[in-house]
Amino acid sequence: MNVATSTATMADSAKRPEQTILQIQQVTKMFGDTKAVNDVSLEIRKGEIFALLGGSGCGKTTLLRMLAGFERPTAGRIILDGQDITALPPYERPINMMFQSYALFPHMSVEQNIAFGLKQDGMTRNQIGDRVAHMLKLVHMSKYARRKPHQLSGGQRQRVALARSLAKHPKLLLLDEPMGALDKKLRTQMQLEVVNIIESVGVTCVMVTHDQEEAMTMAGRLGIMDSGEICQVGSPTEVYEYPNSRLTAEFIGSVNIFEGVVNEQAEDAEELLITSSELECPLELSLNASVSAGMPVAVAVRPEKISVSFERPEQAANWVKGTVSDIAYLGGISTYHVEITGGRRIQCTVANVARSTQDRATWGDEVYLSWDTASGVVLTS
Amino acid sequence: MKKLLNCFSQGRTWIISVPYIWLLLFFFIPFAIVLKISLSESAIAIPPYEDLISYADDVLNIKLNLGNFHFLLQDDLYFLAYLNSLKTAFFATVLCLLVGYPMAYFMARAEASVRNVLLMLVILPSWTSFLIRIYAWIGILKSNGLLNNFLMSIGLIHEPLEILNTNVAVYIGIVYAYLPFMILPLYANLLKMDLSLLEAASDLGCRPWKTFLKVTLPLSKAGIIAGSMLVFIPAVGEFVIPSLLGGANTLMIGKVLWQEFFNNRDWPVASAVAIVMLLLLLVPIALFNRYQAKEAANEAK
Ligand SMILES: Nc1ncnc2c1ncn2[C@@H]1O[C@H](COP(=O)(O)OP(=O)(O)OP(=O)(O)O)[C@@H](O)[C@H]1O
Ligand SMILES: [Mg+2]
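Residues numbered from 1 in each chain as written. Chains lettered and ligands numbered in written order. Predicted model: local features only at pLDDT ≥ 70, side-chain atom pairs only at ≥ 80, totals over all residues. Heavy atoms only, no water.

By the naming in an unreviewed UniProt entry, chain B goes by Putrescine ABC transporter permease PotH and is assigned to Proteobacteria bacterium 228. Reading the Subcellular location (unreviewed entry) entry of the UniProt record for chain B gives the comment "Cell membrane". Word for word, the UniProt comment on chain B under Sequence similarities (unreviewed entry) is "Belongs to the binding-protein-dependent transport system permease family. CysTW subfamily." (UniProt positions renumbered as here; feature names shortened; annotations may be inferred.)

This is the structure in structure tokens:
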């Protein structure tokens, strides 16, 4: 028996140690018999943007609402900046939230909306006026100070909502599906703008989204959630390049997964060999997980890591022969669907570097797909 | 084709005109008749007033008698009755609001299954006759009625309370009878309120009671106004309740009108009383309409 362990050296883990501002400790939330959030523990660092990403009904909103104080955890503790806030009502937490529907007060002007939270703190009129003016400038809404929310466009409403939730200088900013109410084009524009504003203020932010692109664009770290549990936490690159489970691999981007069994190997081997019944040759990959010989594992290979050629590759492992069954031309890249023996289809993307289509594989062509040892990732669950 | 279109547009004109025909038949024509009577002179005849227009000896006489209105000004009974009606209706409306708002609030915030039951309970009493329900209050409020007997039996009071035939009884009656008209528009308004606004207020540091004052209350303004109008307007002209529950000194314009009409058989004066009452009520109705138009314009923007 041979136990291979490895620590993948990842660029991000070498970052300077950061101060933790929010600790979520074994938090569980039950609604009747359904476990909306199941034993979640998380640490959020000061000044980062953290995205909770997951499919519908996985408990993202519930977790966020517990941070805001609208739901009380069934079990567990929430600690903000050293203070246990688990039992604090929302109006006593130094946390502000931007609601998915923005929840702007319809009977108040933009100015009054932003001033609302400040008035609760007993600031003087002048202080409030200054802060509101500053906030309006920050979100480029100074011109609209006296408008009512119903006189604003969707994007403008979002800016006001953001300004309102930042006005009190919260220790933590919560965003619930921040782009959910915007159309696609505005969405990409606002994603970058919201990040810029948040970073210029320097506030710690936890956001919830079901859109992986949005999460990867906006957040410094992601937490992938499924049925109430956090499956993986890491930077967008970590989560994309080193998924730890089938679920994360499939949730973020597309992936080809091969089932196989770990081969016997030498103590000091640097590569892992896996035999898959789906492939004629073995799978070879650099060590990145602790596995033992004979263990059934899954290997994930991202489509863009696979190259397509007409000649048989020279390497002994990591290739497969197949016929092109489908091509999706997307402009900059094309996605090939290649059928290999056994009927299984494999996805790979090819950058359309040359303008002419002469040298490219087309429908029905016999092609060889190959990838190198650094491309495959072992999924242990 | 053209014929068909014509037919169509005619049909549409018809449908649009239905409410106007309704108004004409059941509001405008009766109003004109009452106005006519108010301008005539009373007479011992059937009906007990003279015609406005007479034709004799080749002379067409149109006689508009403003004396009835003049008479209303001379006797301050009428002025006091109007004032008292407005006052009673106003305070009854305020009481209805104070009682109805919390009820509507908790109904709107109750669970969906409970909500409909509560709504039924509010509407249910109006399935029996209004008159009977007011009579029932006589049984409750009189000196050896249910309320006094109960209070005496538990030893809270030793003498029966004098409630029946006082203004208190009138207020109880009006609040009781018109409460549903206050609750229903408020309930509808509070039900459709976006609850995330309340969460947002709480999130921004607002305590529950202050959230109510700063968010819930201003946002339910339309419901408050609608409910108040629905109570105030009929309460001004109310006559069954002051007649049955009020005392000899309960002065309300509805009661005065009734007495002029049936006891004195002075139709012209009674009509003049009615016309003035209508004019007085036009003021709040017009204000209400203007408010609603403004709201609608805001919404449309
Ligand atoms: N107030 C509630 N009462 C009962 N069950 C609830 C309540 N709120 C949420 N749930 C349940 O908890 C689970 C998680 O819900 P949650 O709203 O957190 O999901 P989500 O991840 O935000 O999903 P989505 O992306 O669709 O918004 C769901 O199964 C949902 O039905
Ligand atoms: Mg949600």
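From this point, things continue past the structure.
*Asks:* Please give an account of the overall build of chain B that cites residues and values.
*Replies:* Along the backbone of chain B there are 13 helices and two strands. Scaling as 2.2 N^0.38, a compact globule of 301 residues should have a C-alpha radius of gyration of about 19 Å, whereas chain B reaches 25 Å, well beyond that. Along the first, second and third principal axes, the C-alpha set of chain B runs to 85 × 80 × 35 Å. Within chain B, buried positions represent 36% of all 301 residues. Excluding contacts between residues fewer than 6 apart, the proportion of contacts in chain B whose partners are at least 24 apart in sequence is 70%. (Helix = DSSP H or I, 4+ residues; strand = E, 2+ residues; numbered from the N terminus. Rg over C-alpha atoms; globule rule 2.2 N^0.38 Å. Buried < 20%, exposed > 50% of the residue type's maximum accessible area, 1.4 Å probe, protein only. Contact = heavy atoms within 4.5 Å.)

*Asks:* Could you give an account of the pairing of strand 9 (residues 204-209) of chain A, naming the residues involved and the relevant values?
*Replies:* Residues and elements named next belong to chain A. Within strand 9, six of the six residues are buried, which leaves it mostly tucked inside the rest of the structure. Of the two faces of strand 9, the one carrying Thr204, Val206 and Val208 and the one carrying Cys205, Met207 and Thr209 are both buried. Here strand 4 (residues 49-54) pairs with strand 9 via five bridges, running parallel. Directly across from alanine 51, in strand 9, lies its bridge partner methionine 207. Bridging between strand 8 (residues 172-176) and strand 9 involves five bridges; their strand directions are parallel. Residue pairing for strand 9: leucine 172 is matched across the bridge by threonine 204. Running through helix 5 (residues 184-201), the crossover from strand 8 to the neighbouring parallel element strand 9 is right-handed. (Pairing = 2+ DSSP bridges. Right-handed = clockwise from strand over helix to strand, strands pointing away.)

*Asks:* How would you explain the UniProt feature "domain: ABC transmembrane type-1" (unreviewed entry) in chain B if you had to name every residue and give the values?
*Replies:* UniProt annotation of "domain: ABC transmembrane type-1" (unreviewed entry) refers to residues 82-288 of chain B when read in the numbering used here. Secondary structure content for residues 82-288 of chain B is 78% helix and 0% strand, while the C-alpha to C-alpha distance between its ends is 21 Å.

*Asks:* I'd love a proper account of the packing of aromatic side chains, names of residues and values included.
*Replies:* All names here are of chain B. Per the counting criterion, the structure on display carries 19 aromatic pairs over all chains. With a centroid separation of 5.3 Å and an interplanar angle of 75°, the aromatic rings of phenylalanine 90 and phenylalanine 91 are classed as edge-to-face. Take phenylalanine 90: its relative accessible area is 45%, and that puts it in the partly exposed class. On the basis of an interplanar angle of 85° and a centroid distance of 5.6 Å, the ring pair of tyrosine 101 and phenylalanine 212 is categorised as edge-to-face. (Phe/Tyr/Trp six-rings, centres within 6.5 Å; stacked < 30°, edge-to-face > 60°.)

*Asks:* Any chance you could break down the domain arrangement of chain A for me, citing the residues and the numbers?
*Replies:* Domain annotation of chain A identifies domain 1 (2-94 + 170-250) and domain 2 (254-379). The C-alpha-based centres of domain 1 of chain A and domain 2 of chain A are spaced at 32 Å. (Domains from an automatic or database assignment.)

*Asks:* How would you sum up helix 2 (residues 110-120) of chain A? Please name residues and give values.
*Replies:* Counting buried residues along helix 2 of chain A, eight of its eleven residues qualify, which places the element largely inside the surrounding structure. Looking at the buried residues of helix 2 of chain A, the elements they touch are helix 3 (125-138) and helix 4 (154-166) of chain A together with helix 8 (195-203) and helix 9 (208-219) of chain B. With its phi angle positive at about 70°, glycine 122 of chain A sits one or two positions after the end of helix 2 of chain A.

*Asks:* Lay out the domain arrangement of chain B with the relevant residues and their values.
*Replies:* Residue and element names in this part refer to chain B. Assigned domains within chain B: domain 1 (17-65) and domain 2 (69-300). Distance from the C-alpha centre of domain 1 to the C-alpha centre of domain 2: 34 Å. Domain 1 puts 14 residues into the contact, and the matching count from domain 2 is ten residues. Overall, the association of domain 1 and domain 2 removes approximately 930 Å² of surface from exposure, summing both partners, and the carbon and sulfur fraction of that is 80%. Per-residue buried area on domain 1 facing domain 2 is highest for Phe31, Ser38 and Pro48; these three make up 44% of the total on that side. Viewed at the interface, domain 2 and domain 1 are joined by zero salt bridges. Where domain 1 meets domain 2, there are zero residue pairs in polar contact (both at pLDDT 80 or more). When the residues that make up the side of domain 1 that touches domain 2 are grouped by side-chain class, the tally is ten nonpolar, three polar and one charged. (Buried area = accessible area lost by both parts, 1.4 Å probe. Salt bridge = Lys/Arg side-chain N within 4 Å of Asp/Glu carboxyl O. Polar contact = N/O pair within 3.5 Å; in protein donor to acceptor, adjacent residues only side chain to side chain. Nonpolar A, V, L, I, M, F, W, Y, C, P; charged D, E, K, R; others polar.)

*Asks:* Give a description of helix 4 of chain A that names residues and reports values.
*Replies:* Along its 13 residues, helix 4 of chain A runs 18 Å from first to last C-alpha, staying within 8% of the 18 Å computed at 1.5 Å per residue. Counting buried positions over the 13 residues of helix 4 of chain A gives eleven, a clear majority of the element. All of the buried residues along helix 4 of chain A are Gly155, Gln156, Gln158, Arg159, Val160, Ala161, Leu162, Ala163, Arg164, Ser165 and Leu166 of chain A. The secondary structure elements touched by the buried residues of helix 4 of chain A are strand 7 (95-98), helix 2, helix 3, strand 8 and helix 5 of chain A together with helix 8 of chain B. (Expected span 1.5 Å × (residues − 1).)

*Asks:* So what's going on with the sheet that holds strand 6 (residues 83-84) of chain A? Residues and values would help.
*Replies:* Residues and elements named next belong to chain A. The four strands lie next to each other as 3-2-5-6, forming an open sheet whose pairing is antiparallel. Unpaired on one side and paired on the other, strand 3 (34-45) and strand 6 mark the two borders of the sheet. In the sheet, strand 2 (residues 20-31) pairs with strand 5 (residues 75-80) via five bridges, with the strands oriented antiparallel. Bridge pairing in strand 5 places glutamine 25 opposite arginine 77. Contacting strand 2, strand 3 and strand 5, helix 1 (residues 60-68) runs over the sheet at an angle of about 120° to strand 2. (Axes fitted to C-alpha atoms, helices over the stretch in contact; angles between N-to-C directions.)

*Asks:* Account for the pairing of strand 2 of chain A, naming residues and giving values.
*Replies:* Residues and elements named next belong to chain A. With eight bridges joining them, strand 2 and strand 3 adopt antiparallel strand pairing. Paired with methionine 30 across the two strands is lysine 35, which belongs to strand 3. As consecutive antiparallel partners, strand 2 and strand 3 are separated by two residues, and within that stretch glycine 32 has a phi angle of approximately 60°, a positive value.

*Asks:* Can you explain the UniProt feature "transmembrane region" (unreviewed entry) in chain B? Please cite residues and give values.
*Replies:* Residue and element names in this part refer to chain B. UniProt tags residues 20-39, 88-106, 118-138, 168-188, 222-247 and 267-288 as "transmembrane region" (unreviewed entry). In the segment residues 88-106, helix accounts for 100% and strand for 0%; the C-alpha atoms at its two ends are 27 Å apart. The straight-line gap between the two end C-alpha atoms of residues 168-188 is 30 Å; of that span, 100% is helix and 0% is strand.

*Asks:* Summarise the nonpolar core; cite the residues concerned and give the values.
*Replies:* Ranked by internal contacts, the top residues of the largest apolar core, which has 50 residues, are Ile241 and Leu245 of chain B. Counting only elements with at least two residues in this core, the list comes to helix 3 (76-109), helix 4 (112-123), helix 5 (130-141), helix 7 (167-191), helix 10 (221-236), helix 11 (240-245), helix 12 (253-263) and helix 13 (267-300) of chain B. Looking at this core, the element that brings in the most residues is helix 7 of chain B, giving 13 residues. For isoleucine 241 of chain B, the contacting residues outside a window of four places in its chain are Phe130, Ile134, Val170, Gly173, Ile174, Ala177, Tyr178 and Gly246 of chain B. Counting residues in each nonpolar core, the second largest holds 45 residues, with Leu118, Val139, Leu182 and Ile224 of chain A among its members. (Core = buried A, V, L, I, M, F, W, Y, C linked by side-chain atoms within 4.5 Å.)

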